[in-house]
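Tertiary structure, described
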Amino acid sequence: QVQLVESGGGLVQAGGSLRLSCGASGSTFSNNAIGWYRRAPGKQRELVAYFSNTGSLKYADSVKGRFAISRDYAKNTVYLQMNSLKPEDTGVYYCNAGHLLTVVSGTFFYWGQGTQVTVSS
């Protein structure tokens, strides 16, 4: 089973950038779809970006053109580069990996701690 640890969050001013990391242990990402999610205050967790298991990329409309998901196979790590951050990007960011349908639906039993991103106006 893949265990995932998110890191890289912090406090940034609007317009700034952050890069989040998602490290895997116990297995590799290689055969799984991988998603980045966020839970904004008072809202449900939403899918922000994902890799399919064939490597195609998808982004939520709210982050298109600003966020970029990438992966480093050697480090078994997936990244989320976030640019032009807005206050509405504030939330706890999570990653998860598994079957594509599970990634798209977000119906995982297990979630990591996530990493807090706060964007000030």
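As shown above, the structure is provided for reference.
To start, this report covers the structure provided alongside it. Predicted model, so just to flag it, every value in this text is computed and none were measured.

**Description of the pattern of salt bridges**
All told, the structure shown has 4 salt bridges when counted by the stated rule. Residue Arg 38 is joined to Asp 89 by a salt bridge in which the shortest nitrogen-to-oxygen separation is 2.9 Å. Residue Arg 38 is found in strand 4 (residues 33-39), and its partner Asp 89 is found in the loop between strand 8 (77-82) and strand 9 (91-98); the two are separated by 51 residues along the sequence. On the basis of relative accessible area, Asp 89 is assigned to the buried category, the value being 1%. Close ionic contact of Lys 64 with Asp 61 constitutes a salt bridge, the shortest N to O distance being 3.1 Å. When its relative accessible area of 65% is taken as the criterion, Asp 61 is described as exposed. One network of salt bridges, with partners in common, ties together Arg 38, Glu 46, Arg 66 and Asp 89.

**With respect to the side chain of Asp 89**
Polar side-chain contacts of Asp 89 include one of 2.7 Å to the side chain of Arg 66. Ignoring anything within four residues of it in the chain, the contact list for Asp 89 reads Arg 38, Arg 66, Phe 67, Ser 84, Val 117 and Val 119.

Definitions and limits used
- One numbering rule holds for all chains: residues counted from 1, following each sequence as written.
- Per-residue local features are limited, in this predicted model, to residues with pLDDT of at least 70; the limit for side-chain atom pairs, both in listing and counting, is 80 or more; totals at the level of whole chains, interfaces and linings are taken over all residues.
- Excluding hydrogens and water, the side-chain values take into account all heavy atoms of the structure.
- Salt bridges are identified by distance alone: a Lys or Arg side-chain nitrogen within 4 Å of an Asp or Glu carboxyl oxygen.
- Helix and strand assignments follow DSSP, with helices taken as H or I runs no shorter than four residues and strands as E runs no shorter than two, numbered in order from the N terminus.
- Type-normalised accessible area, obtained with a 1.4 Å probe on protein chains alone, sets the label of each residue: buried when under 20%, exposed when over 50%, and partly exposed for intermediate values.
- The definition of a polar contact used here is a pair of N or O atoms within 3.5 Å, where within protein one atom must be able to donate a hydrogen and the other to accept one, and adjacent residues in sequence count solely through side-chain atom pairs.
- Only heavy atoms matter for contacts: two residues are in contact if any of them lie within 4.5 Å across the pair.

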